[in-house]
Amino acid sequence: MVTFTYPPNRAEEVGQAFVSGKAPELPDFVKRIHIFVVLDVELKTYSIYEVEDAKSHEGLVAITKRFTGYFNIEGSRFKIEPLLTVNEALPLIGLG
């Protein structure tokens, strides 16, 4: 999951970067599942991606490169948080 925030006065600039292809495209093995937008003091998006286990490192690198395409937009920032399903997480604590 990627949390991406930016000031409202930069929304058009972010939208243009999104639709114009200024941000690098994602490879075929990275599937965009959902993008949610939250209207708050800043604009915030939650982007959910799915990547095969065997390509997780390459997927993380590709997602990072995509969001660095927004670095030139003042006030924008992103955070990547790998998510696991409950079934994937249980073995990590010895319950799976």
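Here, every reference points to the structure presented above.
Residues numbered from 1 in each chain as written. Predicted model: local features only at pLDDT ≥ 70, side-chain atom pairs only at ≥ 80, totals over all residues. Heavy atoms only, no water.

Some details on the overall build of the chain
- For the chain, the helix and strand inventory stands at three helices and four strands.
- Judged by the C-alpha coordinates and their principal axes, the chain covers about 45 × 30 × 20 Å.
- The buried share of the chain, reckoned over its 96 residues, is 25%.
- Across the chain, every contact between residues at least 6 apart in sequence was considered, and the portion connecting residues at least 24 apart equals 62%.
- Put simply, the chain shows about 6600 Å² of open surface, and 57% of that area lies on carbon and sulfur atoms.
- Within the chain, the 13 negative side-chain charges are centred at a point lying 4 Å from the centre of the 10 positive side-chain charges. (Helix = DSSP H or I, 4+ residues; strand = E, 2+ residues; numbered from the N terminus. Buried < 20%, exposed > 50% of the residue type's maximum accessible area, 1.4 Å probe, protein only. Contact = heavy atoms within 4.5 Å. Areas by Shrake-Rupley, 256 points an atom, 1.4 Å probe, with all protein chains shown as cover. Lys, Arg positive; Asp, Glu negative; His and termini not counted. Charge placed at Lys NZ, Arg CZ, Asp CG, Glu CD.)

Here's the deal with helix H2 (residues 56-68)
- With 13 residues, H2 ought to run about 18 Å at 1.5 Å a step, and its terminal C-alpha atoms sit 18 Å apart, in line with that.
- Among the residues of H2, Gly59, Ala62, Ile63, Arg66 and Phe67 are the ones counted as buried. In an axial view of H2, the angular spread of the buried residues amounts to 130°, which keeps them on one side of the axis. Of the residues in H2, the exposed ones pointing more than 90 degrees away from the buried face are His57 and Lys65.
- Packing partners of the buried residues in H2 comprise strand E1 (2-6), helix H1 (11-20), strand E2 (30-39), strand E3 (43-51) and strand E4 (77-80). (Expected span 1.5 Å × (residues − 1). Arc of directions from axis to C-beta.)

Observations regarding a nonpolar patch on the surface
- Among the surface-exposed residues, Phe18, Val19, Ile35, Val37 and Leu39 lie close enough to one another that they form a single nonpolar patch of about 500 Å² accessible area.
- Where the nonpolar patch is concerned, the elements lending two or more residues are H1 and E2.
- Per-element accounting of the nonpolar patch gives the leading share, three residues, to E2. (Patch = residues over 30% accessible without salt bridge, like charges linked within 9 Å, V, L, I, M, F, W, Y side chains within 5 Å. Salt bridge = Lys/Arg side-chain N within 4 Å of Asp/Glu carboxyl O.)

Description of the environment of phenylalanine 71
- Position of phenylalanine 71 relative to the elements: it lies in the loop between H2 and E4.
- Taking the relative accessible area as the measure of exposure, phenylalanine 71 reaches 56% and is therefore exposed.
- Residues phenylalanine 71 and alanine 23, spaced 48 residues apart in sequence, show a C-alpha to C-alpha distance of 9.7 Å.

A look at the nonpolar core
- Among the nonpolar cores identified, the biggest contains 15 residues, and Phe4, Val14, Leu26, Tyr49, Ile63, Phe67 and Tyr70 are the most heavily contacted of them.
- For this core, the elements supplying multiple residues, two or more each, are E1, H1, E3 and H2.
- Residues within four places of isoleucine 63 in sequence aside, it is in contact with Val2, Leu26, Val30, Tyr49 and Ile80. (Core = buried A, V, L, I, M, F, W, Y, C linked by side-chain atoms within 4.5 Å.)

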